[in-house]
Amino acid sequence: MRIVQATLEHLDLLTPLFVKYREFYNELPFPESSRKFLEKRLRRKESVIYLALADDEDKLLGFCQLYPSYSSLSLKRVWILNDIYVAEDARRQLVADRLLHTAKQMAKETNAVRMRVATSRDNEVAQKVYESIGFREDDQFKNYVLPISED
């Protein structure tokens, strides 16, 4: 397996797996909107997307997408690991581990103070993977969400 940073040329390969990721979280697939969303992030350099590709073919095994943020308290960059997904037939092959290690290395190279990730409370598999890489549950801050409706 090889890990590469996604470019616009990878959109056709990435979009179907991104759609499956959205469906995993019970969202409607919206393939065209999903492709446009990814294209916009890549064109504007608003995210970093890593792809795990099979060695012998251009088969996408998984991806992760990170968004930059900043910490006013530490005066440093923070990376938000917003999306990570491994194709069903590639699970238990350490794809997520490789993607996470690559993301962690990029965070170090950009002098980030930390990476943040959130997952469903019942997604114990993801929680174990994150903890195995070194993520710790935040006990300093309680996180809140403010939904913004179209009302």
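Fair warning: this is a prediction, and the values are worked out from it, not measured in the lab.

Definitions and cut-offs
Residues numbered from 1 in each chain as written. Predicted model: local features only at pLDDT ≥ 70, side-chain atom pairs only at ≥ 80, totals over all residues. Heavy atoms only, no water. Salt bridge = Lys/Arg side-chain N within 4 Å of Asp/Glu carboxyl O. Helix = DSSP H or I, 4+ residues; strand = E, 2+ residues; numbered from the N terminus. 1 Å grid on protein atoms, 1.4 Å probe; cavity = no way out; pocket = protein on both sides within 12 Å on 5 of 7 lines; lining within 4 Å. Points joined across faces, edges and corners; volume = space filled by probe spheres on them. Nonpolar A, V, L, I, M, F, W, Y, C, P; charged D, E, K, R; others polar.

## A few points about the pattern of salt bridges
Part 1 of the reasoning: Summed over the entire model, instances satisfying the criterion amount to 7 salt bridges.
Part 2 of the reasoning: Among the salt bridges present, the one from D12 reaches R35, with a minimum N-O distance of 2.7 Å. Remark: R35 occurs in helix α2 (residues 31-43) and D12 occurs in helix α1 (residues 11-24); sequence separation between them is 23 residues.
Part 3 of the reasoning: D89 is the salt-bridge partner of K59, the closest N and O atoms lying 2.8 Å from each other. Pair noted here: K59 is in the loop between β2 (48-53) and β3 (60-71) and D89 is in the loop between β4 (76-86) and α3 (95-109), with a separation of 30 residues, a long-range link.
Part 4 of the reasoning: Linked by salt bridges that have partners in common, R41, R44 and E46 make up one network.

## Some details on the layout of surface pockets
Part 1 of the reasoning: There is about 160 Å³ of room inside the second largest pocket.
Part 2 of the reasoning: Taken together, L13, P16, L17, K20, K59, L60, Y85, A87, E88 and D89 form the lining of the second largest pocket.
Part 3 of the reasoning: Top contributing element to the lining of the second largest pocket by residue count: α1, with 4 residues.
Part 4 of the reasoning: For the lining of the second largest pocket, a count of residues per class yields 6 nonpolar, no polar and 4 charged.

Interpretation in functional terms is not warranted from these geometric data alone.
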